[in-house]
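As a plain string of letters, each chain reads:
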Amino acid sequence: IDIKQYLSSWKEPLAWTGASLVFFLLCLIITFPTGTLQHRILTEVERASGIGVHAADYSTGFPLSMEWRHMTLAIPSRPPIELDHLHAQVGLLKALGGALLLDLHAQLDAHAPAQGVITTTVSSPSWSMTGPLNVHGKLKQVDLSKLAPPYVIHGALTGTFSHRLDNSRSMATGDLQWS
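As the structure is a computational prediction, the values presented were derived from the model and not from experiment.

A.B. asks: What should I look at first to understand unusual backbone geometry in this one?
C.D. replies: Note on backbone geometry: most residues besides glycine have negative phi, and most peptide bonds are trans. The phi dihedral of Ser77 falls on the positive side, at around 65°, and the residue is not glycine. Within the secondary structure layout, Ser77 lies in the loop between strand S2 (65-74) and strand S3 (81-90). If you check the backbone angles, Gln141 has positive phi at about 50° while not being a glycine. Residue placement: Gln141 occurs in strand S6 (residues 133-143). Using a relative accessible area of 34% as the deciding quantity, one classes Gln141 as partly exposed.

A.B. asks: Help me understand helix H1 (residues 3-31) in this model?
C.D. replies: Given 3.6 residues per helical turn, the α-helix brings residues three or four places apart onto the same face. With 29 residues, H1 extends 41 Å between its outermost C-alpha atoms, agreeing within 8% with the 42 Å of an ideal straight helix rising 1.5 Å per residue. At Lys11, H1 shows its maximal kink, close to 35°; a proline, Pro13, follows between one and four residues later. Counting buried residues in H1 gives 0 out of 29 residues, a small share hidden from the surface.

A.B. asks: In this structure, what is going on with the pairing of S3? I would like to understand it.
C.D. replies: Extensive coverage of S3 is indicated by the burial of 7 of its 10 residues. Relative to S3, S2 is paired through 8 bridges, and the arrangement is antiparallel. If you follow Glu67 over to S3, its bridge partner there is His87. In textbook terms, the turn of a hairpin is the stretch between consecutive antiparallel strands, and for S2 and S3 this stretch comprises 6 residues, one of which, Ser77, has a positive phi near 65°. Note: S3 against strand S4 (residues 100-107), 6 bridges, orientation antiparallel. Its bridge partner lying in S4, Leu86 is registered against Ala106.

A.B. asks: Sorry if this is basic, but what is going on with the pattern of salt bridges here?
C.D. replies: Proximity of charged atoms lets side chains of opposite charge pair with each other. All told, the structure shown has 4 salt bridges when counted by the stated rule. Across the pair Glu44 and Arg40 runs a salt bridge whose closest N-O atoms are separated by 3.4 Å. A residue pair is termed a helical-turn pair when its members lie 3 or 4 positions apart in one helix, as Glu44 and Arg40 do in helix H2 (residues 34-49) at 4 residues. Assessed through its relative accessible area of 29%, Glu44 is described here as partly exposed.

A.B. asks: Honestly, the nonpolar core in this entry has me stumped. Any pointers?
C.D. replies: Nonpolar side chains tend toward joint burial in soluble globular proteins. Counting 15 residues, the largest nonpolar core has Trp68 and Met71 as its most contacted members. If sequence neighbours within four positions are ignored, Met71 has contacts with Leu42, Val53, His54, Ala55, Ile81, Glu82, Leu83 and Leu86.

Calculation notes
Residues numbered from 1 in each chain as written. Predicted model: local features only at pLDDT ≥ 70, side-chain atom pairs only at ≥ 80, totals over all residues. Heavy atoms only, no water. Helix = DSSP H or I, 4+ residues; strand = E, 2+ residues; numbered from the N terminus. Buried < 20%, exposed > 50% of the residue type's maximum accessible area, 1.4 Å probe, protein only. Expected span 1.5 Å × (residues − 1). Bend = angle between axes of the 7 residues up to and from the residue. Pairing = 2+ DSSP bridges. Salt bridge = Lys/Arg side-chain N within 4 Å of Asp/Glu carboxyl O. Core = buried A, V, L, I, M, F, W, Y, C linked by side-chain atoms within 4.5 Å. Contact = heavy atoms within 4.5 Å.

Here it is as structure tokens:
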């Protein structure tokens, strides 16, 4: 069997198959119901946490990310917390492997981009979060008067934290500094 002749006979069908797959994925991305998805995400967060979540605007990113702008988190019996934007991105390779990796980046104030930044990574060995849930994050000059206004008048929080939630126990570590 001549390998060159064998490969040249498959070249055209493989090219058409590849082009068809690219066209299908492009159409899927263009027509994907992102409005319904973002509404479902916010509704599920509200249902699971009891915190009212409202966003003025949203956008999607590639691959598998969403960004909400001008968010309000309404915690019962407390003043609402305002976020300038929240960016959430799912780890694509982990998701294809059946695990969950979610990177969250929140900015409290658009006028001071170097301050009020919260970055968090949430990971779990399964999408259903039945195994241990790991949360690692960093806080950078977070104004506490915006997070807990009736209790804190001024002050900023900077540091890192780590939390592991398991079915039987919960462990937390961190290095936080007040200023």
